[in-house]
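Structural features, examined
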Amino acid sequence: MGEKVLMKGNEALAEAAIQAGCRHYFGYPITPQTEIAAYMSKRMPKVGGCFLQAESEVAAINMVLGASSAGVRAMTSSSSPGISLKSEGVSYIAGSDLPALIINVQRGGPGLGGIQPSQSDYWQATKALGHGDFQLFVLAPSTIQEMVDFVSLGYEVGEKYRIPTMILSDGMLGQMMEPVEFPEAKETAQAEKTWATNGHKNKRKKNIINSLYIEPQVLEDLVKERFERYEKIKATEQRAEEYLVDDADIVVVAFGASARVSRNAVNMAREAGIKAGLIRPITLWPFPENTIKKAVSHTKDFLCVEMNMGQMVDDVRLCVEGKSEVSFFGRTGGMIPTPEEVFNEIKKLSEKEAK
Amino acid sequence: MAVVFDKPKALTDVPFHYCPGCTHGIVHRLVAEVIDELGIAGDTVGVASVGCSVFSYNYFDCDMVQAPHGRAPAVATGLKRSLPDNVIFTYQGDGDLAAIGMAETVHAATRGENITVIFINNAIYGMTGGQMAPTSLPGQVTQTTPYGRDTSVAGHPIRVCELLSTLSGTALAQRVTVDSVKNVNIAKKAIKKAFENQINKRGYSIVEVLSTCPTNWGLSPEEALKWLQNNMIPYYPLGVYKDVTAEKEA
Ligand code: SF4
């Protein structure tokens with residue numbers, strides 16, 4: 001491993017993408033992700049890559065569609081309102097079975113919302129980033145190191161299953177600095193992309209990258225085949241971190257920035273003699289059902305902590321199936337919950353259980 | 001026996017779905033002939049757009065990508081930036097290029113994106129059944145302008161070649177049509193130049209082809225050609241609006 005360097009989340013992620021072999025970045029300025037574009041514009045010319053500032057988010061995601069079709073590792077990044085604009089292209093990318101890396105450094109919404117950190121695009125990322133039956137592989141980093149590590153993971157899983165990947169970050173992770181280590185530079189062996197439209201050279205049949213299927217039966221078969229791949233991803237790619245969960249009565253479920261806050265709250269609870277733990281979903285899709293289900297037997301209360309009005313809590317409820325209580329605590333609009341606030345919620349649950 | 005008529009190699013055996021008398025077929029053939037003559041089928045990637053020509057990905061015998069509506073220039077940009085030595089072309093209709101995709105079109109052109117654009121202007125939305133296009137003529141009756149295009153309500157048609165010719169990144173902007181043998185020959189030359197420009201890294205080249213849509217114009221193929229000659233050509237004069245190779249020669 002290399003040595004640790006102190007970096008801003010957005011810049012660390014951008015550097016990780018370059019080290020993972022991404023040479024094509026297409027983006028559009030929007031706060032709080034602009035450092036990614038700025039970093040790429042500085043670095044790409046130095047590594048013989050392409051940085052292109054598109055005329056719109058819509059164009060940027062379609063440039064990614066074109067580059068991914070060509071078989072290269074491409075990427076775009078934006079923040080919430082910009083991601084909405086990209087949703088058309090994301091649907092086409094998914095419908096064309098293309099891998100692609102899309103970064104959302106979330107801010108408050110809806111509409112123009114605010115520019116402070118938020119997690120209110122959870123539903124969008126995991127349920128409906130565009131029209132049609134499809135999923136993205138969604139990773140939620142909670143440290144700057146994970147902002148780095150999830151880039152190559154995102155490419156690898158996306159290419160293996162031919163689905164787009166989203167790294168769902170937020171303004172807090174994007175802007176803060178932490179020491180990070182970049183993995184030893186290795187020639188990442190990319191799977192051969194026999195499907196790429198890079199010219200048939202008169203040596204193979206033409207390739208077509210397409211999402212249009214007029215015959216309903218053909219379209220249904222294709223969508224079903226895609227969902228079989230999704231089942232494989234669900235079976236093999238679920239990831240979550242468990243912290244003090246084994247003996248916990250109260251389990252906080254939180255991802256990304258709110259998991260950082262929740263970890264402190266869990267520590268405060270333990271000091272106060274409350275058996276609290278934390279499950280931190282790392283893959284938001286596939287949702288780490290197995291980890292939640294495993295904890296149900298000993299958990300009296302699940303507490304979802306999110307920087308939104310309660311979105312992931314739906315998925316937790318689906319896993320818990322009414323066998324334990326599930327409650328929610330959140331701040332939204334760019335407000336960040338404090339460890340004290342979360343600790344208070346844990347305390348209330350513990351007092352309720354004691355009654 | 002001498003072969004007097006043969007299908008270009010760069011066309012597949014898939015039968016066209018185009019209506020009888022539709023000029024899409026002629027333009028496809030010209031593009032394929034040019035690809036054959038330049039010997040570039042193995043290096044070419046085409047971008048199909050949304051509209052009547054969406055199935056062009058089945059017809060051209062080169063790698064093809066089907067783009068979202070209006071986004072063909074952006075998709076082509078992503079392809080070209082990744083495959084600078086390949087030949088990338090888009091095949092777009094008027095709704096795709098000049099309405100929903102105008103931003104992508106103008107910016108690809110102004111960037112001097114080194115791609116080739118074949119633009120079919122038939123003054124109507126074909127695939128969805130004949131609605132007003134950005135290029136529908138004043139007074140033209142369509143499904144969504146049943147009393148004729150009233151420019152005080154629906155605005156004026158866009159002259160694409162004139163508009164794009166003002167941009168520094170445009171290498172070629174030429175308007176042609178395919179209503180006669182003479183004009184078909186001019187169209188083919190223009191298409192060839194648009195591909196050669198890309199090979200010579202000259203930038204964005206667009207050939208606008210005034211085309212017919214007998215089905216949605218409600219005319220026979222012959223009447224449609226007459227309507228094109230009498231109505232479209234006067235509004236959209238044929239000719240070269242920009243040609244950097246000519247400027248160099250001059
Ligand atoms: S609808 Fe018009 S443009 Fe479309 S194939 Fe038929 S004639 Fe051609």
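The coordinates are above.
Residues numbered from 1 in each chain as written. Chains lettered and ligands numbered in written order. Predicted model: local features only at pLDDT ≥ 70, side-chain atom pairs only at ≥ 80, totals over all residues.

With that out of the way, let us pick up the interface of chain B and chain A. Taken together, the 29 residues of chain B in the interface contact 34 residues of chain A. Taken together, the elements giving at least two residues each to the side of chain B that touches chain A come down to strand 1 (44–48), strand 2 (63–66), helix 3 (72–82) and helix 5 (102–110) of chain B. Pairing geometry for strand 9 (residues 208–209) of chain A and strand 2 of chain B, over two bridges, is parallel. Across the sheet, Ile-208 of chain A pairs through a bridge with Met-64 of chain B, a residue of strand 2 of chain B. (Contact = placed C-beta atoms within 7 Å. Helix = DSSP H or I, 4+ residues; strand = E, 2+ residues; numbered from the N terminus. Pairing = 2+ DSSP bridges.)

Through backbone hydrogen bonds, the strands of a sheet pair up, either in parallel or in antiparallel fashion. Residues and elements named next belong to chain A. Read from one edge to the other, the open sheet built from seven strands follows the order 3-2-4-5-7-6-13, with strand pairing classed as mixed. Taken across any chain shown, the strands that pair with only one partner, and hence form the sheet edges, are strand 3 (50–53) and strand 13 (283–285). On average, adjacent strands in this sheet sit at an angle of 20 degrees to one another, irrespective of strand direction. Two elements, strand 6 (residues 137–139) and strand 7 (residues 164–170), share three bridges in a ladder whose sense is parallel. (Axes fitted to C-alpha atoms, helices over the stretch in contact; angles between N-to-C directions.)

Residues and elements named next belong to chain A. Ranked by internal contacts, the top residues of the largest apolar core, which has 182 residues, are Val-252 and Ile-346. At nine residues, the largest contribution of residues to this core is made by helix 3 (residues 57–70). In this structure, Val-252 is in contact with Ser-262, Ala-265, Val-266, Ala-276, Leu-278, Leu-303, Val-305, Val-342 and Ile-346, ignoring residues within four places of it in sequence. (Core = buried A, V, L, I, M, F, W, Y, C linked by C-beta atoms within 7 Å. Buried ≥ 20, exposed ≤ 12 C-beta atoms within 10 Å, placed from the backbone.)

The terminal C-alpha atoms of helix 9 (residues 256–271) of chain A, which comprises 16 residues, lie 24 Å apart, in line with the 22 Å expected from a rise of 1.5 Å per residue. Buried within helix 9 of chain A we find Gly-256, Ala-257, Ser-258, Ala-259, Val-261, Ser-262, Arg-263, Ala-265, Val-266 and Ala-269 of chain A. (Expected span 1.5 Å × (residues − 1).)

All names here are of chain B. Around the ligand, the neighbouring residues are Tyr-18, Cys-19, Cys-22, His-24, Cys-52, Asn-122, Gly-126, Cys-213, Pro-214, Thr-215 and Asn-216. Residue contributions to the shell around the ligand peak at three residues, all from helix 9 (residues 214–217). When grouped by side-chain class, the residues that make up the shell around the ligand number six nonpolar, five polar and no charged. (Near = placed C-beta within 6 Å. Nonpolar A, V, L, I, M, F, W, Y, C, P; charged D, E, K, R; others polar.)

Right, let's get into the pairing of strand 12 (residues 276–281) of chain A. Residue and element names in this part refer to chain A. Taken across its six residues, strand 12 has six buried, putting it largely inside the fold. By the alternation rule, side chains of strand 12 split into Ala-276, Leu-278 and Arg-280 and Gly-277, Ile-279 and Pro-281, which are all buried. Inspection of the sheet shows strand 10 (residues 240–243) paired to strand 12 by four bridges, in the antiparallel sense. Across the sheet, Tyr-243 pairs through a bridge with Leu-278, a residue of strand 12.

Attention now goes to the environment of Glu-353 of chain A. All names here are of chain A. Within the secondary structure layout, Glu-353 lies in helix 12 (residues 339–354). On the basis of neighbour counts, which here come to 13 C-beta atoms within 10 Å, the residue Glu-353 falls in the partly exposed class. Residues Glu-353 and Glu-289 lie 64 residues apart in sequence; the distance between their C-alpha atoms is 25 Å.

A few words on the packing of helix 3 of chain B against helix 5 of chain B. All names here are of chain B. Here helix 3 crosses helix 5 at 40 degrees, and the two axes come no closer than 7 Å. In terms of orientation, helix 3 and helix 5 fall into the oblique class. Of helix 5, the residues touching helix 3 (which contributes Pro-73, Ala-74 and Thr-77) are Glu-104, Thr-105 and Ala-108. Here the contact of helix 3 with helix 5 is built from residues that sort into three nonpolar, two polar and one charged. (Parallel < 35°, antiparallel > 145°, perpendicular 65-115°, else oblique.)

Scope: geometric values only; no functional claims are made or implied.
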